[in-house]
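Listed here are the chains, written in short residue letters.
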Amino acid sequence: MAKSVMVAYFLWAVGGPLGLHHLYLGRDSHALLWMLTIGGFGFGWVREVFRIPAYVGEVNQDAEKERRVPSVGPVRFAGQVCVGIYFGIVAVIGLNSLRFFYLIVLPLCVGAGVHLVSSIGQQTSDLQKTLTTCLITSPIFYGSSFSPLPISLAASVTAAKHRRFKPPQTPGSTQELGPRLYRLGLAWLAFSAPLGYCIFHNTTATLYYLSDCFAALLDFFWFLPWLRSVLEYILLMPYRILCVITGGGYYEEAWRKVLDILLKEYTEKEKEALQVLSLEVEASLEEITRSYREQAKKWHPDHNPSKDAEAMFVRVQEAYEVLLQHHRPQRFK
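From a predicted model like this one, the values you see are computed outputs, not experimental measurements.

Parameters and conventions
- Residues numbered from 1 in each chain as written.
- Predicted model: local features only at pLDDT ≥ 70, side-chain atom pairs only at ≥ 80, totals over all residues.
- Heavy atoms only, no water.
- Helix = DSSP H or I, 4+ residues; strand = E, 2+ residues; numbered from the N terminus.
- Buried < 20%, exposed > 50% of the residue type's maximum accessible area, 1.4 Å probe, protein only.
- Axes fitted to C-alpha atoms, helices over the stretch in contact; angles between N-to-C directions.
- Parallel < 35°, antiparallel > 145°, perpendicular 65-115°, else oblique.
- Left-handed = near helix turned anticlockwise from the far one by under 90°.
- Contact = heavy atoms within 4.5 Å.
- Nonpolar A, V, L, I, M, F, W, Y, C, P; charged D, E, K, R; others polar.
- Polar contact = N/O pair within 3.5 Å; in protein donor to acceptor, adjacent residues only side chain to side chain.

K.L.:
What should I look at first to understand the environment of V314 in this one?
P.N.:
Mapped onto the fold, V314 is located in helix α17 (residues 309-326). For V314, a relative accessible area of 35% puts it in the partly exposed group. For V314 and W299, which are 15 residues apart along the polypeptide, the C-alpha to C-alpha distance reads 9.0 Å.

K.L.:
Can you help me understand the packing of helix α7 (residues 101-118) against helix α8 (residues 127-137) in this one?
P.N.:
In a packed pair of helices, the relevant descriptors are the angle between the two axes and the axis-to-axis distance. At their nearest, the axes of α7 and α8 sit 8 Å apart, and the two run at 140 degrees to each other. Considering their axes alone, α7 and α8 lie oblique with respect to each other. In this structure, α7 meets α8 at a crossing whose hand is right-handed. Contact residues: α7 offers L103, I104, P107, L108, G111, A112, V114 and H115, while α8 offers L127, T130, L131, C134 and L135. Across the contact of α7 with α8, the residue classes break down as 10 nonpolar, three polar and no charged.

K.L.:
Whenever I open this one, the packing of helix α6 (residues 74-95) against α7 confuses me. Can you help?
P.N.:
Here α6 crosses α7 at 145 degrees, and the two axes come no closer than 7 Å. Relative to α7, α6 is oriented so that their crossing is right-handed. Here R76, G79, Q80, V83, G84, F87, G88, A91, V92 and L95 of α6 come into contact with α7, specifically with F101, V105, L106, C109, V110, A112, G113, V114, L116, V117 and S118. Classifying every residue of the contact of α6 with α7 gives 14 nonpolar, six polar and one charged.

K.L.:
Quick question: what am I supposed to make of the environment of S118 here?
P.N.:
Mapped onto the elements, S118 comes out in helix α7. Taking the C-alpha atoms as reference points, S118 and S29, separated by 89 residues in sequence, lie 9.2 Å from one another. Contact partners of S118, with chain neighbours within four places excluded, come to R76, Q80, Q123, T124, S125 and A159. In this structure the side chain of S118 is engaged in a polar contact, spanning 2.8 Å, whose partner is the backbone oxygen of H115.

K.L.:
Would you explain unusual backbone geometry in this entry?
P.N.:
Leave glycine aside and you will find that most residues have negative phi; peptide bonds, for their part, are mostly trans. Although it is not a glycine, I38 sits at a positive phi angle of roughly 55 degrees. Tracing the backbone through its elements, the reader meets I38 in helix α3 (residues 28-41). At S278, a residue that is not glycine, the phi angle is positive and equals roughly 55 degrees. Mapped onto the elements of the fold, S278 is located in the loop between α15 (268-276) and α16 (285-299).

Function-wise, these values are silent; they only describe arrangement.
Written out as structure tokens, the structure is:
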């Protein structure tokens, strides 16, 4: 059955950021991408006001049309890189506690994001070669905050090199909506569950990681102050929009106070550090330093002959470093 441009535009208007029009057109990969990125971070959804007729035309075209190797589109390539980085950042936030994270988990997540973009519409790429490239590239940038960027770039180049058209669908081969929604739901849960858990149960670490990424990105452009200012303005745009919506002024200070409260909440590791130093949650940085010096003097192997002195001395040092990390100067100003 031929698809209607008017219906596609209607679904784009009422549920475009969630990919309803792509579900209607049978573009499930595109629909999943829009669900995970809220319409391509909003920009992709707006751009589609000009692209929908072409999407409908692709769906309604003759299945026997000659298919050559698809050309490399700059928008698709940029989307692969950005979504690969996006998937990598989500993995760092939600899955970094897993073993072999930087060697296996992170490159696989980045590769999945790149392949998702490369598979939208009638094109696709070689998933095995894309993931292999990610696994080969990841050890080079092991442990780096910027590692999702080069991994995503390498994977995008590989995906572009091995791009091809999907096999044409035969009449009557379209799957029912129920199984398609079921698979999309599972994919969405697999993506959002680790991220949601990390955000709600480790808010402080999540905020610190995001601030580190922003700070590292801005420091990278230290030699171009004007470009650094532009990037800083863009990165803070969601916060500025929120202040405008809530009224600005007083509410801006209120949101800053909320952020301060979030950053002052202790994680489980930091609570254990407080116990090691025999401190309360309300302890100030001066009290932490004083207690550390007392405990370090007490458990130093040169002054304490007990068997547990060295191990306890190491625990005291580690606890002090953890609490110093918590009380470091704020970066959200």
